[in-house]
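Tertiary structure, described
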Amino acid sequence: MTSPNLTTSYVLAPHLSAPRLSDHAGWFDVLAQFKMLYNQCSDGGSAQINAHLETVRAAVSCAISDNPILIPRAGEHKPVAAHLPGALDLAKHSAARDLARALRPVAAQLSWEYGYTHLHDALARTYAYCEILGPKGPIPYDDLILGCVLLAPDTTYPRHRHDGIEESYITMSGAWSQNNAGVYGPGTLVFNPAGYDHEITTGKTAPCLLAYAWVGPRARLAEPGMVFSSVP
């Protein structure tokens, strides 16, 4: 695979071919730092978490080797994205500092979205996620999704689930709780089996930035069908 050069734009002369991952230093660095972050994760002695991490690591390696043609997406702003600079600043002191550094040059190209058909106004102001690698990401890939979730301070992300999709979060910055089961700070990993109902709350003073990975069948990753749960 060729080394990434300093190309930073998708604008090409008519005679040039579409840029691949290795042609775009910014996206290449982001994916390389995702790989490094997941390589550093411990499974904590859990066979289920270990299997998930191994799947993520293998898929990221394959994505880099495949060197896909990039699919530019227009940067999509959501209100919570105003917290991204502060969240990246906080991440400079965490295990995810290199991923935070890599995200800065491509921040304007991140396409933030909600993933739900109906979202109440308060959550629309305080939550969004961006897909980076995946069927709808600027780095296209069918067998894995990598991205970031951004939550404002003092946010409740209601109980929800991802049917058919395993999920892991790595905390880049901020502090949060899932199902009132503990508080997770920078560097921690949380694993959710497919279909597991979970609710997220964040601390009152700082935004929370999470790196995430989704593993599942191609058809489910292409159309994840995110739903809020009716479980109390």
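Scroll up for the structure.
Residues numbered from 1 in each chain as written. Predicted model: local features only at pLDDT ≥ 70, side-chain atom pairs only at ≥ 80, totals over all residues. Heavy atoms only, no water.

On to the overall build of the chain. Scanning the chain for helices and strands turns up six helices and twelve strands. Against the globule reference of 17 Å for 232 residues, the chain gives a C-alpha radius of gyration of 17 Å, in line with a compact fold. Overall size of the chain, expressed as C-alpha extent along the three principal axes, is 55 × 40 × 35 Å. Counting all 232 residues of the chain, 47% fall into the buried class. (Helix = DSSP H or I, 4+ residues; strand = E, 2+ residues; numbered from the N terminus. Rg over C-alpha atoms; globule rule 2.2 N^0.38 Å. Buried < 20%, exposed > 50% of the residue type's maximum accessible area, 1.4 Å probe, protein only.)

Once that is clear, we can look at the nonpolar core. Counting 71 residues, the largest nonpolar core has Tyr 127, Ile 132, Leu 144 and Met 172 as its most contacted members. No other element matches strand 11 (residues 208–215), which puts eight residues into this core. Apart from residues no more than four positions distant in its own chain, Tyr 127 is found in contact with Val 80, Tyr 114, Tyr 116, Leu 119, Val 149, Leu 150, Leu 151, Tyr 157 and Met 226. (Core = buried A, V, L, I, M, F, W, Y, C linked by side-chain atoms within 4.5 Å. Contact = heavy atoms within 4.5 Å.)

Here we take up helix 1 (residues 25–40). Taking 1.5 Å per residue as the helical rise, helix 1 with its 16 residues ought to reach 22 Å, and the 22 Å between its terminal C-alpha atoms agrees with that figure. Restricting attention to buried positions, one finds in helix 1 the residues Gly 26, Trp 27, Phe 28, Val 30, Leu 31, Gln 33, Phe 34, Leu 37 and Tyr 38. (Expected span 1.5 Å × (residues − 1).)

Further remarks concern the side chain of Asn 192. Within the element layout of this structure, Asn 192 appears in strand 9 (residues 189–192). Within the structure, the side chain of Asn 192 is placed 2.7 Å from the side chain of Gln 178, a separation counted as a polar contact. Apart from the residues within four sequence positions on either side, Asn 192 is in contact with Ile 165, Glu 166, Glu 167, Tyr 169, Gln 178 and His 198. (Polar contact = N/O pair within 3.5 Å; in protein donor to acceptor, adjacent residues only side chain to side chain.)

Here the focus is the packing of aromatic side chains. For the structure shown, the criterion picks out nine aromatic pairs. Centroid distance Tyr 116 to Tyr 157: 6.3 Å. Interplanar angle 85°. Geometry classified as edge-to-face. Taken together, the positions of Tyr 116 in the loop between strand 1 (112–113) and helix 5 (121–126) and Tyr 157 in strand 5 (residues 156–161) put the pair 41 residues apart, joining distant regions of the chain. Across this residue pair, the class does not change: Tyr 116 and Tyr 157 are buried. When the ring of Tyr 116 is compared with that of Phe 228, the centres are 4.1 Å apart and the planes differ by 10°; the resulting orientation is stacked. One end of the pair, Tyr 116, is in the loop between strand 1 and helix 5; the other, Phe 228, is in strand 12 (residues 227–228), and 112 residues separate them in sequence. An aromatic cluster is present here, built from Tyr 114, Tyr 116, Tyr 127, Tyr 157 and Phe 228 joined pairwise through their rings. (Phe/Tyr/Trp six-rings, centres within 6.5 Å; stacked < 30°, edge-to-face > 60°.)

What follows is about the environment of Val 183. Within the secondary structure, Val 183 is located in strand 8 (residues 183–184). With 18 residues separating them in the primary sequence, Val 183 and Thr 201 have C-alpha atoms 9.4 Å apart. Leaving out residues up to four positions away in the same chain, Val 183 has contacts with Ala 175 and Trp 176.

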